Amino acid sequence: MIPYTVNIKLAARTLTGTLNLQNKTAVDWGWQGLIAQGCHSSILIIDPKTAQTIQVLEKHKANIVKVKWSRENYHHSLSSPYSLRLASADAAGKIIVWDVVSGTAHCEIQEHAKPIQDMDWLWTQDASRDLLLAVHPPNYIVLWNGDTGTKLWKKSYAENILSFSFDPFDPSNLALLTSEGIVFITDFSHSKPPSSTGKKVYIASPHASPAHNKPAPPTGAKKALNKVKVLITNEKPSAESVTLNDCLQLSYLPSKRNHMLLLYPREILILDLELSQTVGVVAIERSGVPFIQVVPCAQRDALYCLHENGCITLRLCRSTSPSAEESDPEQSVQELVYDLRAQCDAIRVTKTVRPYRVVICPVSENNAALVVSDGRVMLWELKSHISKSPTNPSSGLSPLYAPVSFCGTPVGPNQKIIPDLCLNTMIEGQNVTWAGEPTSRPPQQEVQLKFLLTGLLSGLPLPPFALRMCPPLTTKNISHYQPLLAVGTSNGSVLIYNLTSGLLHKELSVHSCEVRGIEWVSLTSFLSFATSAPNNLGLVRNELQHTHLPTGRTFAFRGERGNDEPAIEMIKVSHLKQYLVVVFKDKPLELWDVRTGTLLREMAKNFPTVTALEWSPSHNLKSLKKKQLAAREAMARQTVSDTEQTSVDSSVISLLQDAESKAELNQGISAREHFVFTDTDGQVYHITVEGNTVKDGARIPPDGSMGSIACIAWKGDTLVLGDVDGNLNFWDLKARLSRGVPTHRGWIKKIRFAPGKGNQKLLVMYADGAEVWDTKEIQMVSSLRVGRNVNHRILDIDWCTSDKVVLASDDGCIRVLEMAMKSASYRMDEQDLTDPVWCPYLLPPRAALTLKAFLLLQPWSGSFTMDITQVDYTEKEEIKGLIQEQLNSLSNDIKSVLLDPELNLLQRCLFVTRLFGDESDLQFWTVAAHYLQSFSEACQLGVPVTSGTQAEGMPQSHLDICHDTLCESTYFQKFQLERVHLQEMKRSSYEHTKKCADQLLLLGQTDRAVQLLLETSADNHNYYCDSLKACLVTTITSSGPSQSTIKLVATNMIANGKLAEGVQLLCLIDKAADACRYLQTYGEWNRAAWLAKVRLNSVEASDVLKRWAEHLCSPQVNQKSKAILVLLSLGCFQKVGEMLHSMRYFDRAALFIEACLKYGVMEANDSTNKLIGSAFADYARLLRSMGLTEGAALWASRAGGAGEELLEELFQPADGVEGALEGQGSPLLSPE
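About the cut-offs
- Every chain's residues receive numbers from 1 upward, in the order its sequence appears when written.
- It should be noted that, the model being predicted, local features are given only for residues of pLDDT at least 70 and side-chain atom pairs only at 80 or more, the latter also being counted only at that level, while totals for whole chains, interfaces and linings use all residues.
- Only hydrogens and water are set aside; all other atoms, that is, all heavy atoms of the structure, feed into the side-chain values.
- The way it works is that DSSP assigns letters per residue, a run of H or I at least four long becomes a helix, a run of E at least two long becomes a strand, and they are numbered from the N terminus.
- Each residue gets one of three labels from its accessible area relative to the maximum for its type: buried under 20%, exposed over 50%, partly exposed in between, using a 1.4 Å probe on protein chains only.
- Contacts: residue pairs with any heavy atoms within 4.5 Å of one another.
- Only the protein chains shown count as cover for residues, with accessible areas throughout obtained via the Shrake-Rupley method and a probe of 1.4 Å.
- For every residue, the predictor states its confidence as a pLDDT score lying anywhere from 0 to 100.
- When DSSP locates at least two bridges between a pair of strands, those strands are taken to pair.
- In this description, a line fitted to the C-alpha atoms serves as the axis of each element, helices being fitted only across the stretch in contact, and the angle between N-to-C directions of two axes falls anywhere from 0 to 180 degrees.
- Any pair of nitrogen or oxygen atoms within 3.5 Å is treated as a polar contact; in protein, a donor-acceptor pairing is required on top of that, and neighbouring residues in sequence qualify only through side-chain atoms on both sides.
- In this description, a nonpolar core means a group of buried Ala, Val, Leu, Ile, Met, Phe, Trp, Tyr and Cys residues linked to one another through side-chain atoms lying within 4.5 Å.
- When the centres of two rings from Phe, Tyr and Trp lie within 6.5 Å, Trp using its six-membered ring, the rings pair. Their planes under 30 degrees apart give stacked, over 60 give edge-to-face, and anything left gives tilted.
- Orientation is classified from the angle alone, with under 35 degrees giving roughly parallel, over 145 giving roughly antiparallel, 65 to 115 giving roughly perpendicular, and any other angle giving oblique.
- Note on convention: the crossing is left-handed when the near helix lies turned anticlockwise from the far helix by less than a right angle, right-handed when the turn is clockwise.
- Patch criteria: residues need more than 30% relative accessible area and no salt bridge. Like-charged residues are merged within 9 Å; nonpolar side chains of Val, Leu, Ile, Met, Phe, Trp and Tyr are merged within 5 Å.
- Note on definitions: salt bridges are taken to be side-chain nitrogens of Lys or Arg within 4 Å of carboxyl oxygens of Asp or Glu.
- For this count, His and the chain ends are skipped, Lys and Arg are scored as positive, and Asp and Glu as negative.
- Lys charges are placed at NZ, Arg charges at CZ, Asp charges at CG and Glu charges at CD.
- Between the first and last residue of a helix there are one fewer steps than residues, each counted as 1.5 Å, and that sum is the expected span.
- Relevant arc is that of directions from the helix axis to the C-beta atoms, nothing else.
- Note on terminology: pairs of cysteine sulfur atoms within 2.5 Å are recorded as disulfides.

In the annotation of an unreviewed UniProt entry, the entry for the protein chain reads WD repeat-containing protein 11, and the organism field reads Scleropages formosus.

This is the structure:
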């Protein structure tokens, strides 16, 4: 038995190279933690943590133009498991939705035959998680069901659509970037196409603005840009002002509602959509490098920008609150400023090497991957480090602070944390307000950010390639065999790939020009040759190098020879790797001894011109060895008995001496080997080589049916000849029969026999593809033809095992394929990766959920563990093994956090959710953690908190503004006031002024609103109305009659379709609660929530928001997940628990109720006991179905009466229950 086995089972795989220009936008980083990238017609799946390609998907015929991972914004359970789904679109208009783990296509979608312009999955997944929106050129948007491939609706628009962006705060908003401007759609829904054509706005090109007319000094750039006010108009701009809409990209900002960015090569414009007004500009100085792309972040108001030199910069929005030093608040904010906080190194840009796209990890937002046109993927990580010196105030940058909490809760004294877990654990939000004196701030550490290159994937260089697989596996070399493929490239280097892992083993710079051929002379060394471009006489410089792989040492095999001679056409090494034939174009061949590096024979001038040549597999090594062995035995006998000396045959002695002398010469015996070759007439010559003697053998006259012979292959008793007309001639040497077969496919470029004893398969390469033949049956096994099966030309071929072939093609890829030569994806769980990959999505659905429960429910039996075998878990060993592999692949930092007893339940839930990239869980636990703490702290301070109120004495930390209406009212109000102040600074037309005044009235800023109303010029037709309105606002008193009149007028206005005006009047007389009710009646739910947040006291606001939550739960809206978040922000924790339980989110419900009990915001009394019991019992049942008996017993024991029945089932002998639960003092209830 072999002591240790070598895995020679090679997976079919694709080694990819440079990208096509159409692949430029085809890259996406999913919530699942993996990167998908299009390369020609294949899709690579990359694990960014270990920088390895773990899957290549092949089914598309055309170049990939877009890839998109599906969102994970839904609750995961056995019926909706963690799975890897990816949509890819190609230049021929086909969309394929993949199951990435198995490498199979879920469904294929085709509408038109033009490249898909843009596509994305819908992010609200309450109704369905399979909806995919795509832009089919020129002007259609189509909504597809990505699971079944059915078309739900299709809608056309007047202009060509370039791309679109979903509003991350409101699923009914969509913006289309068209060739002329932007179209805003406000009634997007999955059930029917948008009814209106949308609101069209035109973009006046910023290049028509004064900022570009005069060379502004760097300091004056601000002033010049202040003039760039309006860039968005509702009228079509004149032809002079806009020559070309050179807007590169449009995206909503996920960090704050109703903001959008437009990207131009030299500036980024930040728009406030309520005013259609530029509120911020990030401009590049004259000498700066233009932008290609920008990715806005959600966790912080930050932008990742990619520049044309491959440099990624991070810009953070400067805080808009006026600082203490600036006495004049007017000066405090002119526009939104994004400060440069970090940048990475640029790459060397050449004609063929350009940066294409950058993608950011959506879970952490602190990892970036840059895709370069030459196939490289550079993985950058943003790191924070504590700055030694405080920020220099003159730089204008405010200091960045590290947050004092980790995963949503304050850090314990000895708690282990990972500061670089994600963007919002690295830097504190900008607008944090602390009540009281500045001295009462907790001490915070100032941090600085920098980029670190943590991984690099490189592809193959540009084709052409020369391939050669190393010698095949035999019983002798099985202990140390590695399946290495040598790839000669056009720049003279030789790449060695290990085909087990598909990783580059070595890159050796061997030649100075294109490598033409490679031949291995052992498992660790090879010969390769290259020829330079010919001079006027047609002579070249030949390089024939011998390379030793372990050391990388390379030397010129032919010594000084090689300058100014005819080009080498081929090199052939004999079967025993003893001899080498070098064939030249117009010069007789050379015969070399490989072992000594000596020239054995240079053929005479009259030697025939060689068109094809092959060594014979037959030799006399065995008989020689036998003779040597016999002689050795004879010698031994001779020394034993001197008496019998005479009986030793003298011929044996001479043979022995001969053998010994040969052995001394070259540590082995020179066996006799043969080769055959054909000349231009098709005559076959046979030549024998032994030691340094060369003998001419028999000649076989040409076969009349064959043209000029192009190649020969010989194995066993079969010799095959291929000619330039596409005929194959099979010779059976034993039976002395020959048979010709015309393939009708033109010039046969190459033929190779498969390795392995008795394996008579033959691989044939043509100009337009390849075929596999069975030479025993003389019939074709499989075929590959350009244009029919594939769109790429085959450049070179070889066998890599007895049943797999390797093909190099002109799309820059090298594919290892089954003998059928169907390019196929592989199952990810079947292949051996060099580094283990953390990706729970690769596990079977049940195992992934078990892994999550295992991490969430630490400690098990009182001890924290990362070993699944220590837990009572009934499951097949192989599944246990898979889960354990995932646990082992976690980094030590992450393990130490998970094993830390200081990590509380909320932190654990958030941390595990981040590891899983579970979008819906992450949102839920972020909001839950924040409000559970603030309500529990308020309880401890003794502030009476009725459900849904905001206590005054509450701590001052707040949710980030990206949570919009879920934030605390005080903070939300402050943000809106700052925002309206900014809008006021930037307004440039009467329309804008009017909108600002309206906002100020709603916010209760009456004095400022009056000033704006009085600005209206006398020639404006609204002059009279505005003046009266100003008078009305200043004279309003809270006397009864005026109130009732205004109220009456307002309700009449609302009844007659003037909703906004009526609401304003109601706000003037402090009837904002009524205003909210009217807004809700007329379906303006978001506006009502906004108004409630900025104008109402907590009790009234709570009523409005509760009604909104009910509306969100209704079947026609179906946004229950949003409703739950709204209820969390109101502190209706019991209601949330009930809803989660009724939606069958058993794990989330149980853990949430557990956290409520722990934080003292829910008490176990008669009203809540039923909920607690049923939630815990259902969670216990869920755990039992996953096989986690121990966890099930624990939760069932805490469910009171509801869990008794389950406990009995779990422990059949009743008396076992006490024993099982004794000494296990419910660890989940241990005091914090």
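The next point concerns the overall build of the protein chain. Scanning the protein chain from terminus to terminus reveals 26 helices and 60 strands. Within the protein chain, buried positions represent 56% of all 1232 residues. The contacts of the protein chain with a sequence gap of at least 6 include a subset with a gap of at least 24, amounting to 55%. A total of about 52600 Å² of accessible surface is found on the protein chain, and carbon and sulfur atoms cover 52% of it.

Moving on, we get to the confidence of the model for the protein chain. Across the protein chain, the average pLDDT comes to 85, with 87% of residues at 70 or higher. Per-residue pLDDT stays below 50 along residues 432-441; that stretch engages in ten contacts with residues further than four places along the chain or on separate chains. Scored below 50 in pLDDT, residues 945-955 shows 27 contacts in the model against residues more than four places distant or in partner chains.

This part takes up the environment of Val-371. Position of Val-371 relative to the elements: it lies in strand 28 (residues 367-372). Other than its neighbours up to four places away in sequence, Val-371 contacts Leu-19, Val-27, Gln-37, Pro-355, Tyr-356, Arg-357 and Arg-376.

The next subject is the side chain of Thr-850. With respect to the helices and strands, the residue Thr-850 is situated in helix 6 (residues 845-856). Not counting the four nearest positions on each side in its chain, Thr-850 is found in contact with Tyr-873, Ile-883, Met-1186 and Leu-1188.

Glancing now at the sheet that holds strand 19 (residues 249-252). Hydrogen bonds along the backbone pair up the strands of a sheet, which may run parallel or antiparallel. Pairing in this open sheet of four strands is antiparallel, and the strands run 19-20-21-22 from one edge to the other. The two strands at the open ends of the sheet, each matched to only one other strand, are strand 19 and strand 22 (277-283). The mean inter-strand angle of the sheet, taken between neighbouring strand axes irrespective of direction, is 20 degrees. Of the strand pairs in this sheet, strand 20 (residues 259-263) and strand 21 (residues 267-272) are connected by five bridges, and their pairing is antiparallel. What sits directly across from His-259, in strand 21, is Asp-272.

The next thing to look at is the sheet that holds strand 44 (residues 590-593). An order of 42-43-44-45 is seen for the four strands of this open sheet, with the pairing classed as antiparallel. Edge positions in the sheet fall to strand 42 (568-573) and strand 45 (598-602), since each of these pairs with one other strand and no more. Neighbour-to-neighbour, the strand axes of this sheet turn through a mean angle of 20 degrees, independent of strand direction. Pairing of strand 44 with strand 45 involves four bridges; the strand directions are antiparallel. If you follow Leu-591 over to strand 45, its bridge partner there is Arg-601.

Its place among the elements puts Asn-1056 in the loop between helix 15 (1040-1055) and helix 16 (1059-1068). Among the polar contacts made by the side chain of Asn-1056, one reaches the main-chain carbonyl oxygen of Asn-1052 at a distance of 3.0 Å.

Judged by nonpolar contacts, the single largest core of 175 residues is most densely connected at Ile-45, Leu-86, Leu-855, Phe-911, Leu-1091 and Phe-1152. Residue contacts for Phe-1152: discarding those within four places in its chain leaves Phe-924, Trp-925, Ala-928, Leu-932, Leu-1128, Phe-1133, Val-1136, Gly-1137 and Leu-1140. Grouped together as the second largest cluster of nonpolar side chains are 30 residues, Leu-10, Met-469, Tyr-481 and Trp-520 included.

A few words now on the packing of aromatic side chains. All told, the structure shown has 24 aromatic pairs when counted by the stated rule. Here Phe-406 and Phe-911 contribute two aromatic rings whose centre-to-centre distance is 6.1 Å and whose plane-to-plane angle is 50 degrees, an arrangement assigned as tilted. Remark: Phe-911 occurs in helix 9 (residues 905-916) and Phe-406 occurs in strand 31 (residues 405-406); sequence separation between them is 505 residues. Accessibility assignment for this pair places Phe-406 and Phe-911 in one class, buried.

Moving on to unusual backbone geometry. The residue after Pro-463, namely Pro-464, is reached through a cis peptide bond having omega 10 degrees. On the secondary structure map, Pro-464 appears in the loop between strand 33 (446-457) and strand 34 (466-469). Between Gln-858 and the following residue, Pro-859, the backbone shows a cis peptide bond with an omega angle of -5 degrees. For Ser-861, which is not glycine, the phi dihedral falls at a positive 50 degrees. One can find Ser-861 in the loop between helix 6 and helix 7 (877-888). Even without glycine at this site, Asn-1118 takes up a positive phi of about 55 degrees. Mapped onto the elements of the fold, Asn-1118 is located in the loop between helix 19 (1098-1113) and helix 20 (1120-1129).

A pair of packed helices can be characterised by two numbers: the angle between their axes and the separation between those axes. It is at 8 Å that the axes of helix 23 (residues 1166-1186) and helix 24 (residues 1189-1198) come closest, and there the two elements cross at 165 degrees. Classified by the interaxial angle, the pair formed by helix 23 and helix 24 is roughly antiparallel. Where helix 23 crosses over helix 24, the two elements pack in a sense that is left-handed. Facing helix 23, whose interface residues are Phe-1176, Tyr-1179, Ala-1180, Leu-1183 and Arg-1184, helix 24 presents Gly-1191, Ala-1192, Trp-1195, Ala-1196 and Arg-1198.

So, about a positive patch on the surface. A contiguous patch of positive charge on the surface is contributed by Lys-476, Lys-622, Lys-625, Lys-626 and Lys-757. Secondary-structure assignment places Lys-476 in the loop between strand 34 and strand 35 (484-488). For Lys-476, a relative accessible area of 78% translates into the label exposed.

For the structure on display, the rule yields 55 salt bridges. Residue Asp-717 pairs with Lys-734 through a salt bridge whose shortest N-O separation is 3.8 Å. Within this pair, whereas Asp-717 is found in the loop between strand 50 (709-715) and strand 51 (718-723), its partner Lys-734 is found in the loop between strand 52 (727-732) and strand 53 (737-742), the two being separated by 17 residues in sequence. Residue Lys-734 is classed as exposed on the basis of its relative accessible area, which comes to 70%. Counted as one network, the salt bridges with shared partners bring together Arg-558, Arg-561, Glu-565, Lys-587, Glu-590 and Glu-602.

Attention now moves to the pairing of strand 16 (residues 181-185). Of all the five residues making up strand 16, five are buried; the element is thus mostly covered by neighbouring parts of the structure. As paired elements, strand 15 (residues 174-178) and strand 16 share four bridges and run antiparallel to each other. The residue of strand 16 that forms the bridge with Leu-176 is Val-183. Counting the residues in the hairpin turn of strand 15 and strand 16 gives two residues. Note that strand 16 and strand 17 (residues 199-203) share four bridges and pair antiparallel. Following the sheet pairing, Gly-181 is matched in strand 17 by Tyr-202.

Moving on: helix 14 (residues 1023-1035). Here helix 14 is 13 residues long and its end C-alpha atoms lie 19 Å apart, about the 18 Å a rise of 1.5 Å per residue gives. Buried residues of helix 14: Asp-1026, Ala-1030 and Val-1033, and no others. Down the axis, helix 14 shows its buried residues gathered within 70 degrees of arc, on one side only. Opposite its buried face, helix 14 presents the exposed residues Tyr-1024 and Thr-1035, each directed more than 90 degrees away. Buried residues along helix 14 sit against helix 12 (990-1003), helix 13 (1006-1013) and helix 16.

Time to look at the pairing of strand 35. Among the five residues of strand 35, five are classified as buried, and the element is accordingly described as predominantly covered. By the bridge criterion, four bridges tie strand 34 to strand 35 in an arrangement that is antiparallel. Looking at the pairing, Leu-467 lines up with Val-487 of strand 35. As paired elements, strand 35 and strand 36 (residues 493-498) share five bridges and run antiparallel to each other. Following the sheet pairing, Leu-484 is matched in strand 36 by Asn-498. With antiparallel pairing between neighbouring strands as the criterion, strand 35 and strand 36 make up a hairpin whose turn holds four residues, including Gly-492 at a positive phi of roughly 95 degrees.

If you trace the backbone, Asp-374 turns up in the loop between strand 28 and strand 29 (377-386). One polar contact links Asp-374 to Arg-376, side chain to side chain, over a distance of 3.0 Å. Not counting residues within four places of it along the chain, the set of residues in contact with Asp-374 comprises Gly-17, Thr-18, Thr-352, Val-353 and Leu-460.

To continue, consider the state of the cysteines. Counted under the stated rule, the structure contains zero disulfides. Here Cys-1067 stays unpaired: no disulfide links it, and the sulfur of Cys-1076, its closest cysteine neighbor, is 7.2 Å away.

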